[in-house]
Amino acid sequence: MASITVSDISKAFSGQPILRDVSLDIRDGEFLSLVGPSGCGKSTLLRIIAGLEEQDHGSVEIGGRSVDAERPGRRDVAMVFQSYALYPHLSVYDNMAAPLRQRSLTQFQRGFGLARLLPKARRKEAEFRREIEATATMLGISGLLQRKPAQLSGGQRQRVALGRAIVRHPKAFLMDEPLSNLDAKLRDTVRAEISALHRRLGATFLYVTHDQAEAMTMSDRIAIIMEGQVLQIGAPSDVYHDPADLRVARFIGSPRINVLAGEIDGSGRAVLLGRAFDLDIAPPAHGKVQLAFRPHDAGLCNADTAQLVGTISHIENLGSDILIHLALPGSEEPVIIRESHETAIHRRLGDSVGLKLDSKKLLVFDETTGKRLRTPAQTETAS
Amino acid sequence: MRGRRLSSIIASVTAHAVLMAGAVIMLTPFLWMELTSLKPPQEIFRLGLHILPREWGGAENYGRVFSDTPMLRFLLNGIVVCGAIVILQILIAVPAAYALAKIPFRGRGLFFALILVSLLVPIQVPSLFLYLGFARAGLLDSYASLVLPFIISAFAIFLLRQHFLQFPQEVVEAARLDKFGEFEIAWRIVLPSARPAIGAFAVFSMVAHWNDLYWPLVVVTDPEMATPPLGVVFFRNQESGSDFGALMAAATVISAPLIIAFLAAQKTFVRGLTSIR
């Protein structure tokens, strides 16, 4: 178990910057997800921490000790790869035994099968066997120990890869999109299993994914990375309800957040889609802004009394809730509103309805930088 | 439907006929060699073509091969020399190919290009320098002079590199995290997947060096050190200028180990060849 500290990491591949001055603090025993669109540099960061890639600038500390000069094998972190990366010619048992043997047998004992029959090596092998069998039982793969990886299903290989990481009790687990090769149903199961595993082991987990739902459901904290920079780090509810950047707000949450371009003046009046609008917020600034709100933070009302009126362009029935897509004149993207089944069941495509905004829940972002402009009330709750 | 089936039968028959014609062309000299080795001298030079021997001279011919020459010694030399060459070639080619395929280093492209270029250089080009070197070192007429020029095989490095390239990089990285050293990764993780390629290469190399006459002729004059083909040359010069039955018997004896080895490893060999991309 150990904390991981990443300071000012930069990395470029053939002149193309992938990471720019990334700093991160992963606490001992924490489950931290690195999430972002593909190509944002999150996997590169993980590989730099593991030592598989060398940073151009910056340093990595594991357990309070700088590991910049250490080879991957000496950093004592385990990695679970997207493709599982099992040794194809070894049985499941030998796959799981490999890290143990590499760490505690001598070169001679490893290189020659017969040397494993010597008493010292045999005692160690018995230890390994206990460890491997206990781990296999925990993961539900004890019946597969003699199989080769090619004879296993995707989910089974995934478990073997986890097992190979667990048996050696590393300082931290690094996981690089471990679920993306599984089908949707299995993914939910394994997701819950990895969360349970984290609670059980109490180890530091660093988890890379492009799936914001995975990050939201599993993590203690989430770091959102885009274009090689960490935009925000925080608990799932923080990044969801209190995003610091418009890109974070857009990336986190499904269905996506609604964004409307507008302008506010000093007195709290806003102009949205060409219509003057009374907003009960003391604006942090004035000028052009982006106003965003979650689909459950706004409602629909009668078209006659509303300031913003649109037509229903699409209805998505999720069973428990219904998503209403509202086309507003002047806005390219439709606004999505989540409504309960009872109220939404009577709505029809093409209906003209009004949009009712809750000014307390509006998130205001600077139009050019995309940075959040917190209203005084929001600053209070955030701090 | 019927038309298509008929045409596919015709295509299949044609293909087989072409392949069989090729096989016959390849095998006829072998067959002729073996039949000749069974004929007595007077029958070999008789006019007219007859395929099967009328009188059996096989026992006498094969008897002469083993009584007049140290044939067993030649075979042993062949096994020692070819075995040493193949083992050393693999010992050197595996780490080299692994480094070229999986370890990025400055100048890797240049090294690989040099290896490709050296594929184009036949042994005849450096043979004078090699001969002078071995002569100066007093190593002529030794196993060392027969083996050492061949232990670095550009072909083996090239072939294995192509195989190793296909090996998933993530598995190599997982091994690094599991504290495998680079040599251990090459031998214990990556190599097992390239076994068919190693088998195919071993057969190629074995055949080439077993049949090689040029280089043994350069560095060996002592019959004690002769490899099988060189032994046959000595045999022809000294004992049997025109005893073709005995010569063919000798040729049959020296090609027999290869044919037996190929038949035994046929499956691996074909798999190794067809898996090269």
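All of these numbers come straight from a predicted model, not from anything done at the bench.

Analysis parameters
- Residues numbered from 1 in each chain as written.
- Chains lettered and ligands numbered in written order.
- Predicted model: local features only at pLDDT ≥ 70, side-chain atom pairs only at ≥ 80, totals over all residues.
- Heavy atoms only, no water.
- Helix = DSSP H or I, 4+ residues; strand = E, 2+ residues; numbered from the N terminus.
- Rg over C-alpha atoms; globule rule 2.2 N^0.38 Å.
- Buried < 20%, exposed > 50% of the residue type's maximum accessible area, 1.4 Å probe, protein only.
- Contact = heavy atoms within 4.5 Å.
- Areas by Shrake-Rupley, 256 points an atom, 1.4 Å probe, with all protein chains shown as cover.
- Lys, Arg positive; Asp, Glu negative; His and termini not counted.
- Charge placed at Lys NZ, Arg CZ, Asp CG, Glu CD.
- Salt bridge = Lys/Arg side-chain N within 4 Å of Asp/Glu carboxyl O.
- Domains from an automatic or database assignment.
- Buried area = accessible area lost by both parts, 1.4 Å probe.
- Polar contact = N/O pair within 3.5 Å; in protein donor to acceptor, adjacent residues only side chain to side chain.
- Patch = residues over 30% accessible without salt bridge, like charges linked within 9 Å, V, L, I, M, F, W, Y side chains within 5 Å.
- Core = buried A, V, L, I, M, F, W, Y, C linked by side-chain atoms within 4.5 Å.
- Pairing = 2+ DSSP bridges.
- Axes fitted to C-alpha atoms, helices over the stretch in contact; angles between N-to-C directions.
- pLDDT = per-residue confidence, 0-100.

This paragraph deals with the overall build of chain B. For chain B, the helix and strand inventory stands at 15 helices and 0 strands. A globule of 277 residues ought to have a C-alpha radius of gyration of about 19 Å, yet chain B, at 24 Å, is considerably larger. Along the first, second and third principal axes, the C-alpha set of chain B runs to 75 × 70 × 30 Å. Looking at the 277 residues of chain B, the share that counts as buried comes to 40%. Partitioning the intrachain contacts of chain B with sequence separation of at least 6 by distance along the chain shows that 70% fall at a separation of at least 24. Carbon together with sulfur atoms contributes 71% to the accessible area of chain B, which is approximately 15300 Å² in total. Positive and negative side-chain charges in chain B, numbering 21 and 16 respectively, have mean positions lying 15 Å apart.

This part covers the pattern of salt bridges. Following the criterion strictly, the structure yields 28 salt bridges over all chains and no others. For E133 of chain A, the salt bridge goes to R129 of chain A, with nearest N and O atoms at 3.1 Å. Of the two residues, E133 of chain A and R129 of chain A are both situated in helix α4 (residues 119–139); the distance of 4 residues between them amounts to about one turn of the helix. A relative accessible area of 33% means that E133 of chain A is categorised as partly exposed. In this structure, D178 of chain B engages R164 of chain A in a salt bridge whose closest nitrogen and oxygen atoms are separated by 3.9 Å. With D178 of chain B in the loop between α9 (169–177) and α10 (182–190) and R164 of chain A in helix α5 (residues 154–166), the pair connects residues from two separate chains. Each of the two residues, D178 of chain B as well as R164 of chain A, counts as buried. Connected via shared salt-bridge partners are D76, R103, R164 and R168 of chain A together with D178 of chain B.

Residue and element names in this part refer to chain A. A cis geometry characterises the amide bond from S254 onward to P255, with omega recorded as 0°. Even without a glycine there, the phi angle at D8 is positive, about 50°. With a relative accessible area of 38%, D8 lands in the partly exposed category. The phi angle at S14 is positive, at roughly 40°, despite the residue not being glycine. Within the secondary structure, S14 is located in the loop between β1 (4–13) and β2 (16–26).

Looking at chain A, the domain boundaries give domain 1 (4–241) and domain 2 (256–378). Here the C-alpha centroids of domain 1 of chain A and domain 2 of chain A sit 42 Å apart.

Contact residues are listed per partner, giving 15 residues for chain B and 23 residues for chain A. Both faces considered, chain B and chain A share a buried interface measuring about 1800 Å² in area, 56% of it formed by carbon and sulfur atoms. A per-residue breakdown of the area chain B buries against chain A is headed by L177, D178 and K179 of chain B, which together make up 37% of the total. For the interface between chain B and chain A, the tally reads 3 salt bridges. For the interface between chain B and chain A, the tally reads 11 residue pairs in polar contact (both at pLDDT 80 or more).

This part covers the environment of A194 of chain B. Residue and element names in this part refer to chain B. Examined against the element boundaries, A194 turns out to sit in the loop between α10 and α11 (195–211). As a C-alpha pair, A194 and F164 span 30 residues in sequence and 7.4 Å in three-dimensional space. When sequence neighbours within four positions are dropped, the list of residues in contact with A194 reads L160, H163 and F164.

The next subject is a nonpolar patch on the surface. A contiguous nonpolar surface patch, about 680 Å² in accessible area, is contributed by L116, L119, L120, V121, V125, F155, F204 and L273 of chain B. Counting through the fold element by element, L119 of chain B comes out in the loop between α5 (108–118) and α6 (127–136).

Time to look at the nonpolar core. With 66 residues, the main nonpolar core has L34, L45, Y87 and L174 of chain A together with L160 and F164 of chain B as its most contacted residues. Broken down by element, this core gets its largest block of residues, 8 residues, from helix α4 (residues 71–102) of chain B. The contact partners of L160 of chain B, leaving out residues within four places of it in the chain, are A93, V94, A97, A194, A197 and I198 of chain B.

With that settled, consider the sheet that holds strand β18 (residues 335–340) of chain A. Residue and element names in this part refer to chain A. Spatial strand order, β15-β19-β16-β17-β18: 5 strands in an open sheet with antiparallel pairing. Whereas interior strands pair on both sides, the edge strands pair on one side only; in this sheet they are β15 (298–301) and β18. Going from strand to strand, the sheet's axes swing by 45° on average, the running direction of each strand aside. By the bridge criterion, 4 bridges tie strand β16 (residues 308–317) to strand β19 (residues 352–357) in an arrangement that is antiparallel. Paired with V309 across the bridge in β19 is G354.

The next subject is the confidence of the model for chain B. Taken as a whole, chain B shows an average pLDDT of 88; of its residues, 95% reach a score of 70 or greater. The ipTM assigned to the predicted complex is 0.85, against a pTM of 0.82.

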